[in-house]
Amino acid sequence: MYVRIGAGVLAAALVLTACSGNDTKPTGGSSSSTNEKIELNYVNWDGGMDKVVDDWNKLNPNIQVKLTKPSGTGYTLYNKLITNNKAGTNPDITEVEYQALPALIANQVVVPIDDYVKGLDTKYDKASLSQVQFEGKTYGVPQNVCPMVFFYRKDIFDKLGLKAPATWAEYATTAAAIKKADPKKFIGNFTAADPGWFAGLAQQAGANWWKADGDTWTVKINDDASKKVADFWDDLIKKGLVSPQPNWSAQWNTDMNNGTLIGWVGAQWGPNQLPSIAKDTAGKWAAAPLPAWTAGDTTVGIWGGETEAVTANSKHPAEAAKFVEWMNSSEAGMASLIKNVQAFPASPAGQQLPELKSPPPFMSNQPDYNTLMATAAKGVRTFDIWGPNANVTFDSYSNAFGGALQKKTALSGALDAMQDATVSDMKKLGFQVAG
Amino acid sequence: MSRPTRQYGGFLPAVLVTPAVVLLALFTVAPAIYAVFLSFRRLKVGRGLLGGGKPTEVWTGLANYTAALSDHEFWASLGRMLLIAAFGVPATVVLATVFALCLDAKRARLTGFARLAIFLPYAVPGVVASLLWGFMYLPATSPIGGGVIDYFGTKGIFFSVANVAVWGVVGFNMVILYTTVRSLPRELFEAAELDGASEFQIAVRVKLPLMAPAVAMVALFSVIGALQLFNEPTTLKPLANAISSTWVPLMRAYTDAFVDNSIYEGAATSFLLILMTVAATVVVSAVGRRIGRAR
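Nothing here was measured: the structure is a model prediction, and the numbers come from that model. (Residues numbered from 1 in each chain as written. Chains lettered and ligands numbered in written order. Predicted model: local features only at pLDDT ≥ 70, side-chain atom pairs only at ≥ 80, totals over all residues.)

(A) Spatial organisation of the overall build of chain A. The number of helices and strands found in chain A is 17 helices and 13 strands. On C-alpha atoms alone, chain A measures out to a radius of gyration of 23 Å, which is about the 22 Å that the 2.2 N^0.38 rule sets for 435 residues. Along the first, second and third principal axes, the C-alpha atoms of chain A reach 75 × 50 × 35 Å. A buried classification covers 53% of the 435 residues belonging to chain A. (Helix = DSSP H or I, 4+ residues; strand = E, 2+ residues; numbered from the N terminus. Rg over C-alpha atoms; globule rule 2.2 N^0.38 Å. Buried ≥ 20, exposed ≤ 12 C-beta atoms within 10 Å, placed from the backbone.)

(B) Representation of the overall build of chain B. Assigned secondary structure in chain B consists of 11 helices and two strands. When the elements of chain B are put in sequence order from the N terminus, they spell out α-β-β-α-α-α-α-α-α-α-α-α-α. At 24 Å, chain B has a C-alpha radius of gyration far larger than the 19 Å of a compact globule built from 295 residues. By its C-alpha atoms, chain B is 85 × 75 × 30 Å across when sized along the principal axes. Taken over 295 residues, chain B has a buried fraction of 36%. Across chain B, the fraction of contacts at a sequence separation of at least 24, relative to all contacts at a separation of at least 6, is 68%. (Contact = placed C-beta atoms within 7 Å.)

(C) Main features of the UniProt feature "domain: ABC transmembrane type-1" (unreviewed entry) in chain B. Cross-referencing UniProt, the feature "domain: ABC transmembrane type-1" (unreviewed entry) maps to residues 78-284 of chain B in the present numbering. With 76% helix and 0% strand, the stretch residues 78-284 of chain B has end C-alpha atoms that lie 18 Å from each other. (UniProt positions renumbered as here; feature names shortened; annotations may be inferred.)

(D) Spatial organisation of the sheet that holds strand β10 (residues 263-267) of chain A. Residues and elements named next belong to chain A. An order of β10-β7-β11 is seen for the three strands of this open sheet, with the pairing classed as antiparallel. Every other strand in the sheet has two partners, leaving β10 and β11 (285-289) as the edge strands with one partner each. Taken over all neighbouring pairs, the strand axes of this sheet differ in orientation by 35° on average, direction set aside. Where strand β7 (residues 148-153) lies against β11, five bridges are found, and the strand directions are antiparallel. Each residue of the ladder has a partner; that of Phe150, found in β11, is Ala288. (Pairing = 2+ DSSP bridges. Axes fitted to C-alpha atoms, helices over the stretch in contact; angles between N-to-C directions.)

(E) Layout of the nonpolar core. Residues and elements named next belong to chain A. The biggest cluster of nonpolar side chains holds 137 residues, and the ones touching the most others in it are Leu101, Leu104, Val310 and Phe323. Tallying contributions element by element places helix α16 (residues 390-407) first for this core, with eight residues. If we skip the residues at most four places from it in the chain, Leu104 touches Tyr78, Leu81, Val96, Val109, Val110 and Ala309. (Core = buried A, V, L, I, M, F, W, Y, C linked by C-beta atoms within 7 Å.)

(F) Examining the sheet that holds strand β13 (residues 432-433) of chain A more closely. Residues and elements named next belong to chain A. Read from one edge of the open sheet, three strands run β8-β9-β13, paired in mixed fashion. Only two strands of the sheet have a single neighbouring strand rather than two, namely β8 (210-213) and β13. Alignment of strand β9 (residues 216-219) against β13, held across two bridges, turns out to be parallel. Within β13, the position partnered with Thr216 by the bridge is Gln432.

(G) Layout of the domain arrangement of chain B. Residues and elements named next belong to chain B. Entries for chain B in the domain assignment read domain 1 (2-59) and domain 2 (63-294). Computed from C-alpha coordinates alone, the two centres of domain 1 and domain 2 are separated by 31 Å. Mapped by element, the contributors of at least two residues to the side of domain 1 that touches domain 2 are α1 (2-38) and β1 (41-44). Of the residues belonging to the side of domain 1 that touches domain 2, the class tally is four nonpolar, one polar and two charged. (Domains from an automatic or database assignment. Nonpolar A, V, L, I, M, F, W, Y, C, P; charged D, E, K, R; others polar.)

(H) Structural detail: the UniProt feature "transmembrane region" (unreviewed entry) in chain B. With numbering matched to this structure, UniProt assigns "transmembrane region" (unreviewed entry) to residues 12-37, 81-101, 113-136, 156-178, 210-230 and 267-288 of chain B. Along residues 156-178 of chain B the backbone is 100% helical and 0% strand, and the end-to-end C-alpha distance reaches 32 Å.

(I) α16 of chain A, seen in detail. Residues and elements named next belong to chain A. A rise of 1.5 Å per residue sets the reference length of α16, with its 18 residues, at 26 Å; its end C-alpha atoms lie 25 Å apart and thus fit the reference within 8%. The buried count for α16 comes to 15 of 18 residues, which makes it a mostly enclosed element. Where α16 terminates, the next one or two residues include Lys408, which has phi positive at roughly 60°. (Expected span 1.5 Å × (residues − 1).)

(J) Representation of the interface of chain A and chain B within the structure. Counting from both sides, the interface comprises 37 residues of chain A and, opposite them, 29 residues of chain B. Secondary structure elements with two or more residues in the side of chain A that touches chain B: α3 (75-87), α4 (101-106), α11 (250-257), α16 and α17 (411-429) of chain A. Split into classes, the residues belonging to the side of chain A that touches chain B amount to 18 nonpolar, 13 polar and six charged.

(K) Representation of the confidence of the model for chain B within the structure. Mean pLDDT for chain B: 90, with 96% of residues reaching 70 or above. Interface confidence for the predicted complex, expressed as ipTM, amounts to 0.88; the pTM equals 0.89. (pLDDT = per-residue confidence, 0-100.)

(L) Spotlight on the confidence of the model for chain A. Chain-level pLDDT for chain A is 90 on average; 92% of the residues reach the 70-or-more range. A low-confidence stretch, residues 1-33 of chain A (pLDDT under 50), is modelled with 38 contacts involving residues beyond four sequence positions or located in other chains.

(M) Here's a closer look at the pairing of β8 of chain A. All names here are of chain A. Bridging between β8 and β9 involves four bridges; their strand directions are antiparallel. Its bridge partner being in β9, Asp213 is matched across the sheet by Thr216. Taken together, β8 and the strand that follows it, β9, pair antiparallel across an intervening segment of two residues, in which Gly214 is found at a positive phi of about 65°.

(N) Examining the environment of Ala175 of chain A more closely. Its location among the elements puts Ala175 of chain A in helix α8 (residues 168-181). Residues within four places of Ala175 of chain A in sequence aside, it is in contact with Ile187, Leu236, Leu241 and Val242 of chain A.

(O) Region of the structure containing the packing of helix α10 (residues 224-238) of chain A against α17 of chain A. All names here are of chain A. Running from N to C, α10 and α17 point in directions that differ by 145°, and their axes come no closer than 7 Å. Contacts between α10 and α17 involve Ser226, Lys227, Ala230, Asp231, Trp233 and Asp234 on the former and, on the latter, Leu411, Ser412, Ala414 and Leu415. Here the contact of α10 with α17 is composed, by residue class, of five nonpolar, two polar and three charged.

Shown next as structure tokens:
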């Protein structure tokens, strides 16, 4: 086994030298044969990813990727990666949501791939690249962009004679109209379980939670824009027009499935998740642009979105980077992602692929679903940068907003708690924070 | 004649306990010492926006401890745990004792089945039990009036969590007490019966005092169990807004270490909790001994 791996490294090094002329030192290995098989471990929790990996494995018999689903998603996975990094047991490639990448870089869990992947500047726009490039280095190939959109039960809205709200003011009046028509129904819920959801709404409102100036951070989680969002939802919750139940609970699934919740502020990937949440409602939902703060404004935030990154523990970073590049920026890879994971590519070229002409199966009634996504993607606005300890911010979000909902105190106060928790943790770790 | 045995005996016990001692040292004592070491350390990132080079570990003295002790959320989490213990421990002890005495009563029927039925929840893993109860509490899926009773309310949640915990451990404690009461000399009860004591009087005046040491032990287990409360609230957390990630001390230790990614503060919180567990153990067992002696 050792010899095989060693030979693989040598082969990889030779290939690399041949391609780029880089001076790389082969480590170990007694014989070299270009037919040696390499196995890469890849961790990702998206449904359907196994088929994408199968497609790669068929095309690359010598670089076989083995997919594993992590035991926990999001920060459960990232923190495990940070812990296991010291032990050297991480998989070669991992899925990373954009907001977690700075933390993984700060902990040296992932490595730059500039040596292996070239020309991303010509393939992606600046906004996408800013999610994976830090201090002049590239740490991943952006996979998708997940603009926030509004999902609603078209059948029920039609019956009630309602339209999808175009502005947040209309959202509030529509919420009241629904309540009046059927006191048991809600236009949606405010979820304390999803910090990324609130962050996306704050982005739309103009918030900029983190800013970098040289080596100094500016943190403004409790800025006016974020408080505007919190106050808006606070008002709806106090009036009983919006459910305070968190997403992903058994309660929420039931309510989404049985028509108690007839709207959902979600994101592009919704149709990938909804089949397991509200299976009886396939074909009954429609997506509409996210309500705007001022009519006609197309600015939206993102919720989620990921890149693949190569870990510092990988013994085959070149091959790992090759896989990442294939999956997220080659035509075949992106086509497979669209088909199997219902991803919406971050690459502008990928957004033109014919695979996007048909909607995700769950949205069969909305043939132009992906056209809507392409339009929404043009209006995406994100924070300048995600903080290096977004995990602390996100945990604090759930505690502070959950607590405020439970005790029925002002939601905007929760933003102050998040600000304090984030800044004090950054200072403790030794980051330079302005103010 | 006894001399050779003693010489031999001096060596053999040492050999026999070695595996246990080695395992204990390797997997309990050593990690605990390492955790204490970590609790005096912290992480410091390098210069640069994202911390430049590798983050380094530095000494930080008692900072992690003072941070925990001066954080009102730490005391709040302790308060919530004690509140649940105030429900849970007496409920566990009383129910287990009552069940054990009932099963031992002469008139009891179907004792085999009842014993199994009471014990069975203990065999259900804590996470499964919590999910099961969680579904019973949620309005959308509740068969026990979740739509009317707010099981996840600011006050209700304490009952809800304690209920899951008690449901899970009563059976185990009942078995301990039942075996105790079965091992008591039967002639005492016969004598009491001949003296005209009723079944209830025998249970309360004869059996219960004789069971006292076992009841004290059950109480001790329950207190330690309450200090280690983690599975139930953690599993119920995603179901509602009622439970934060630092709801009880162990959840806080977990959040520090694996969510906020500071194993150092997690170690400090854990160590504080160990000190409290030891203190509680000493107090409860001292009280138990006093009760035993008073008898």
